[in-house]
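Listed here are the chains, written in short residue letters.
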Amino acid sequence: MGSQGGFGKSKEFLDLIKSIGEARSKAEEDRIVLREIETLKARLGDPNTSKFKLKEYIIRLLYVEMLGHDASFGYIHAVKMTHEENLHLKRTGYLAVTLFLNEDHDLIILIVNTIQKDLKSDNYLVVCAALNAVCRLINEETIPAVLPQVVDLLGHQKEAVRKKAVMALHRFHRRAPGSVSHLVANFRKRLSDNDPGVMGATLYPLFDLIMADVDSFKDMVVSLVNILKQITEHRLPKSYDYHQMPAPFIQIKLLKILAVLGSGDKKASEQMYTILGDIMRKCDSTSNIGNAILYECICSVSSLHPNPKLLEAAADGISKFLKRDSHNLRYLGIDALSQLIKISPEIAEQHQLAVIDCLEDPDDTLKRKTFELLYKMTKSSNVEVIVGRMIDYMISIHDSHYKTEISSRCVEVAEQYAPSNQWFIQTMNKVFEHAGDLVNSKVAHSLMRLIAEGFGEDDATADSQLRSSAVESYLQIMGDPKLPSAFIQVICWVLGEYGTADGKYSATYISGKLCDVAEAHSTNDTVKAYVVTALMKIYSFEIAAGRKVDILPECQSLIEEMLASNSTDLQQRAYELQDITDFDAHAVEKIMPKDSSCEDIEIDKNLSFLDDYIQRALENGAQPYIPESERFGMSDITHFTSQENNESSIHALRFEAYERPKPAVSLNVSPVLDSSTEVSVPELSYVADVQQPTPSVPSASNISSSELKLRLDGVQKKWGRPTYSSPMPSTSSADIIKNQNEAIQPIAAGSSNTKASTVSYDSRKQVPEISPEKQKLAASLFGRASKSDGKQSSSSTKVSKPLHRPAEKSRTANTLSTFDTTIVKPSQPPPDLLDLGEPSFPSTAPSIDPFKQLEGLLDLMPEKPTSSASGANTTAAPDFMSLFADMSLNDKNGLGGSSGAPSTPQTNKGPNLKAALEKDAFVRQMGVTPSGQNPNLFKDLLS
């Protein structure tokens, strides 16, 4: 072997270790390792290399692998070494493969047979080496191959083998719990093993089994308590002591198991009280391991059925932690206190000053743990102080993840324990201002709902004061450029609803502020939509009050910008804002009622208000609605299901020739179709039997199969989902009915926003004053209340949840979003880009303003009556459905005329049908389907 080093290795190996340790850079280390890889590749490939040299090369490969380089070229040599009879070589081989390979490696199959043979070896060292490999390399598929041998080793005469066998079974349980579910009795038996190491190893698989099924192991409480008692009485060998504590790690695991078994079980808990008291009394608080056992005892006490003496002992243990200078021990004390206050909240009052010290400690980890404690002990008497401290801390940190967590906790406790609605609004303003977009979007909706619903006690004065204070606070902070988008939306909504409600601020001032917001957030369409809707509300309220509306130049420019926006939503809002300013007070009051966001509305899901209109349309010759199944040529669901099954069978790979196409079979058409109506059938690319509806003609058997052809005229979409389209190119009354039916939509009901009564808060609560002195701060956080006060506070806590109230009615309330004020206008056909203004195509009748018609229907302008289709004047009653009755079925434009032009009485309300047919025929020759009117666009393009 040449020159030998101090560890029986060659000088070359020792020089390699030395050079790696003395490398001054990663690049130099990589050069050394790459040179070593080349050397090992050459020497491992030499068939004359001795086995002991090969052992050294495998160890050198371990260094290569651990330094992050690829040593896969030597894996097979490590696998071969596990087959050696020599113990040193075998153990080296097992060590190498456990580090080189994982349980899913391809070479695992070569090791399983070797492991099976070594598990039966007479040398317990070989068995231990094989068990080590079992714990690292055996996967779920190979567990059955070695499980019987491992179970047999539970009775081995050597305690090291039994311990490793238990560890291997624990590994099997974690990989495949079902593989060892029948071995629970074996684990119970090993718990009483003579060797403490085997017993300690058995606690770990037992803990996993107990966590899965607690009730099945309740009978083990006495046995576990006896084992813990023997350990505390120093009945274990001295070799298990650590810093004069007897088997501390076994004690900790036993305490964890007892906490699980005694949780919620008074009988089991009573059997543990004595031993837990003894352990806490004997714990040495001067060593870290003693503090660890004491902490685990406190956690166990917090899980068991409460016992006054144990709680007192646990409180003393917590005081020991909190009085120490070590941040780690104080952290343990805060964490233990947060667990103990779940069953005994008054314990926190004993450590008020210590908690305050931890809250003001510069250590950030300890401060965060203290805030978690305060979050758990928040109540109505200290919520203001705790939330204030949490917001101050949130401002000082820059970790976005923890800032999100702090903000969510502030919102949660503020919603649950808020002493007043004004305080909640101010708190939410601070959270939004400092947490930004990290705040949950639902918080904004909750804030708007609170402002809209008010106190819920029919106290108009209090509600008005609440809204006025919200408006004032928002006007002060809305100029901050760092406000999040969600908060800006809340501000716009509140200013639109209540900005001018109390008369303190004029409509011009509020509208100017809103325009400034839109200019500051010019790239945010959502904010601009809220601004436009808020302006609409302000102007509507002014018109309804009989005051003249003066639109500022910046507001007018904003409206013009929105009219030309690419967003259809912004365009619609701008058009509505522009049109609503032309209405009189009575119409605006009907369309935009003031302070009605919480009013309930009736929703007619069946759209029964359209029945009269549909009936009149049918009487005038319109065709009824054709169900989708009939449009596809399928009469029922059964046929559809059988067709799907047929399609799925056709999709299989076929090797024989395709059969000849079958003749199409006629299908009876539903009686709703007229005899002259032709239904186009879409192309089905993979259906074997194509069925099509045919008109009322003689029987299909009398017609030759060669004469049956698909009618593809009128089919506009070849690919995608088939749709029904008429083969006739002319504009029929059915098409107009279809367009009108699509245009007529009910007024949006919005999302559910229920109006519920608010439970009043405790008026007797006194807001504690924040003093720089720690005692006053502690009094505000932990305020010692008498028993009677405790009862009163508990009773008030049960009812003090005013912010999340369930709905009291089944009717849906108006939503608080900006869409609650949207005026839905009947849609109009899109402009026809192909209308080149040819003299041969006469223009349609002048457009009609729907809002002017609406004023006529409401009898708001009796001096300008609008003539109906039947020639009769509209009545004075506000019948909205008469608007639809007045529409002509032949009116191509429907109600989609220009909203700015005045309405004039017309004797002929529809276009010339003959001229429309000629126009459509001309456009089809160009290959484009007409869609509307635009007389200027193509003139400019083609000039």
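All of the points below concern the structure found in this document. (Residues numbered from 1 in each chain as written. Predicted model: local features only at pLDDT ≥ 70, side-chain atom pairs only at ≥ 80, totals over all residues. Heavy atoms only, no water.)

**Quick word on the packing of aromatic side chains**
- Going through the model one piece at a time under the given rule, you end up with nine aromatic pairs.
- With centroids separated by 5.7 Å and ring planes inclined at 85 degrees, the aromatic side chains of tyrosine 474 and phenylalanine 487 adopt a geometry described as edge-to-face. Linking tyrosine 474 in helix α25 (residues 460-477) with phenylalanine 487 in helix α26 (residues 485-498), this pair joins segments that are 13 residues apart in sequence. Residue tyrosine 474 shares its accessibility class with phenylalanine 487, and that shared class is buried.
- An angle of 75 degrees between the planes, with centres 6.0 Å apart, marks the rings of tryptophan 493 and tyrosine 498 as edge-to-face.
- Relative accessible area serves as the criterion here: at 2%, tryptophan 493 is assigned to the buried category.
- Among the aromatic residues, those joined into a cluster by ring pairs are Phe371, Tyr393 and Tyr402.
- Above the ring of phenylalanine 73, the side-chain terminus of lysine 41 is found at 5.4 Å from the ring centroid.
- Geometry around tyrosine 124 places lysine 158 over its ring, the cationic atom sitting 4.9 Å from the centre. (Phe/Tyr/Trp six-rings, centres within 6.5 Å; stacked < 30°, edge-to-face > 60°. Helix = DSSP H or I, 4+ residues; strand = E, 2+ residues; numbered from the N terminus. Buried < 20%, exposed > 50% of the residue type's maximum accessible area, 1.4 Å probe, protein only. Lys NZ or Arg CZ within 6 Å of the ring centre and 35° of its normal.)

**Details of the nonpolar core**
- Judged by nonpolar contacts, the single largest core of 200 residues is most densely connected at Leu101, Ile115, Phe172 and Tyr474.
- Filtering out sequence-adjacent residues up to four positions away, tyrosine 474 remains in contact with Ile425, Asn429, Leu447, Ile451, Phe487, Val490, Ile491 and Val494. (Core = buried A, V, L, I, M, F, W, Y, C linked by side-chain atoms within 4.5 Å. Contact = heavy atoms within 4.5 Å.)

**As for the environment of isoleucine 318**
- With respect to the helices, strands and loops of the structure, isoleucine 318 is situated in helix α17 (residues 308-322).
- Since its relative accessible area comes to 0%, isoleucine 318 is described here as buried.
- The contacts of isoleucine 318, once residues within four sequence positions are left out, are Ile298, Gly333, Ala336, Leu337, Leu340 and His351.

**Focus on the pattern of salt bridges**
- Considering all chains together, one arrives at 32 salt bridges under this definition.
- Among the salt bridges present, the one from arginine 235 reaches glutamate 233, with a minimum N-O distance of 2.9 Å.
- Here arginine 235 falls in the exposed class, since its relative accessible area comes to 58%.
- Among the charged side chains, a salt-bridge network with shared partners connects Glu12, Glu36, Arg43, Glu56 and Arg60. (Salt bridge = Lys/Arg side-chain N within 4 Å of Asp/Glu carboxyl O.)

**Notes on a nonpolar patch on the surface**
- Together, Ile76, Ile109 and Leu110 give the surface a local cluster of nonpolar side chains, amounting to about 260 Å² of exposed area.
- Mapped onto the fold, leucine 110 is located in helix α6 (residues 109-118). (Patch = residues over 30% accessible without salt bridge, like charges linked within 9 Å, V, L, I, M, F, W, Y side chains within 5 Å. Areas by Shrake-Rupley, 256 points an atom, 1.4 Å probe, with all protein chains shown as cover.)

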